[in-house]
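What follows is each chain in one-letter form.
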Amino acid sequence: MFDLLKDLWGFMRERKKLWMAPIIGIMLLLGVLVVMTQGSALAPFIYTIF
């Protein structure tokens, strides 16, 4: 997992694509949010965001 992140960071630095970092971070946070609330009472409220 760390190798993937290291390679991704190296790609973004070398190709001057650092603008992709916030997009990837937000996508990861939303993915974690959906997975963590999948079986809880908050799930209907989370899915209305999308």
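Residues numbered from 1 in each chain as written. Predicted model: local features only at pLDDT ≥ 70, side-chain atom pairs only at ≥ 80, totals over all residues. Heavy atoms only, no water.

**Student:** An account of the overall build of the protein chain is needed here, citing residue identities and associated values.
**Tutor:** Broken down by element type, the protein chain carries three helices and zero strands. What you see for the protein chain is a C-alpha radius of gyration of 15 Å, clearly larger than the 10 Å of a compact globule of 50 residues, by over 25%. If you line up the protein chain on its principal axes, its C-alpha atoms span 45 × 20 × 10 Å. In the form shown here, the protein chain has an accessible surface area of approximately 4,600 Å², with 73% of it arising from carbon and sulfur atoms. (Helix = DSSP H or I, 4+ residues; strand = E, 2+ residues; numbered from the N terminus. Rg over C-alpha atoms; globule rule 2.2 N^0.38 Å. Areas by Shrake-Rupley, 256 points an atom, 1.4 Å probe, with all protein chains shown as cover.)

**Student:** Can you explain the environment of L8? Please cite residues and give values.
**Tutor:** Relative to the assigned elements, L8 resides in helix α1 (residues 2-14). We classify L8 as partly exposed; its relative accessible area is 29%. Through-space distance from the C-alpha of L8 to that of P44 is 33 Å; in sequence the pair is 36 residues apart. (Buried < 20%, exposed > 50% of the residue type's maximum accessible area, 1.4 Å probe, protein only.)

**Student:** How would you summarise the packing of α1 against helix α2 (residues 20-36) if you had to cite specific residues and measurements?
**Tutor:** The geometry of α1 relative to α2 is characterised by a closest axis approach of 11 Å and an angle of 150 degrees between their N-to-C directions. Relative to α2, α1 is oriented roughly antiparallel. Within the contact between the two elements, α1 uses L8, F11 and M12 and α2 uses M20, A21 and I24. (Axes fitted to C-alpha atoms, helices over the stretch in contact; angles between N-to-C directions. Parallel < 35°, antiparallel > 145°, perpendicular 65-115°, else oblique. Contact = heavy atoms within 4.5 Å.)

**Student:** Requested: an account of α1, with residues and values cited.
**Tutor:** The α-helix winds at 3.6 residues per turn, so residues separated by three or four positions along the chain end up facing the same way. The terminal C-alpha atoms of α1, which comprises 13 residues, lie 18 Å apart, in line with the 18 Å expected from a rise of 1.5 Å per residue. Counting buried positions over the 13 residues of α1 gives one, only a small fraction of the element. (Expected span 1.5 Å × (residues − 1).)

**Student:** Describe unusual backbone geometry, listing the residues and the values that go with them.
**Tutor:** Outside of glycine, negative phi angles account for most residues, and trans bonds account for most peptide bonds. Even without being a glycine, K16 presents a positive backbone phi close to 60 degrees. Here K16 shows up in the loop between α1 and α2. The exposed category is assigned to K16, whose relative accessible area is 67%.

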